[in-house]
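What the coordinates show
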Amino acid sequence: MQCPYCGKEMEEGLTQNPQEIAWLRGTKRPLLGRAKFHDGSVVLSELSVMKSSAVTAYLCRECKKVLIDYSKEISDFNAR
Ligand SMILES: [Zn+2]
């Protein structure tokens, strides 16, 4: 994965959480609740009580960016 900012190769890794990992619309932190209750949300890794949630993420240390490509089903460790 090439960094879209500087063009250098990004490091492959993951980000994980004991809850689901999701993107939520807006700039204010909403009240707690699953992403499915928030209009326009995108679940990046489904909630798994046994395994927690994890999604593949790419890091550019120089630009201090983390990129998650959720177009690939294999990005969600719980979808594998
Ligand atoms: Zn970069």
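We now turn to the structure provided with this report. Quick caveat, the model's predicted, so the values are computed rather than measured. (Residues numbered from 1 in each chain as written. Predicted model: local features only at pLDDT ≥ 70, side-chain atom pairs only at ≥ 80, totals over all residues. Heavy atoms only, no water.)

Things to note about the pattern of salt bridges
Going by this rule: When a carboxyl oxygen of Asp or Glu lies within 4 Å of a side-chain nitrogen of Lys or Arg, that pair is called a salt bridge. Put simply, DSSP H or I for four residues or longer makes a helix, DSSP E for two residues or longer makes a strand, and each gets a number counted from the N terminus. Classification of residues uses two cut-offs on accessible area relative to the type maximum, computed with a 1.4 Å probe and protein chains only: under 20% is buried, over 50% is exposed, and between them is partly exposed.
Scanning the entire structure with this criterion turns up four salt bridges. With a closest N to O distance of 2.8 Å, Lys 8 and Glu 62 form a salt bridge. Residue Lys 8 is found in the segment before strand S1 (11-17), and its partner Glu 62 is found in the loop between strand S4 (53-60) and strand S5 (65-67); the two are separated by 54 residues along the sequence. The class for Glu 62 is exposed, based on a relative accessible area of 55%. Across the pair Glu 11 and Arg 61 runs a salt bridge whose closest N-O atoms are separated by 2.5 Å. Of the two residues, Glu 11 sits in strand S1 while Arg 61 sits in the loop between S4 and S5, which places them 50 residues apart along the sequence. Given a relative accessible area of 57%, Arg 61 falls into the exposed group.

What to know about the coordination of the zinc ion
Inclusion rule: Excluding water, the donors of a metal are its N, O and S neighbours within 2.8 Å, or within 3.2 Å for Na, K and Ca, and that exclusion means sites may look incomplete. Irregular is the label for any site that misses the other tests, which are tetrahedral for four donors with all angles between 85 and 135 degrees, and square planar for four donors or octahedral for six when opposite donors exceed 155 degrees and the remaining angles lie between 65 and 115.
Those donors, Cys 3 (SG), Cys 6 (SG), Cys 60 (SG) and Cys 63 (SG), are the protein atoms that reach the zinc ion, and they lie 2.3 to 2.4 Å from it. Classification of the site at the zinc ion rests on its four donor atoms, whose angles at the metal span 105 to 116°, yielding the label tetrahedral. The sequence pattern describing where the donors of the zinc ion fall on their chain is C-x2-C-x53-C-x2-C. Among the residues examined, Cys 6 registers a relative accessible area of 30% and is labelled partly exposed.

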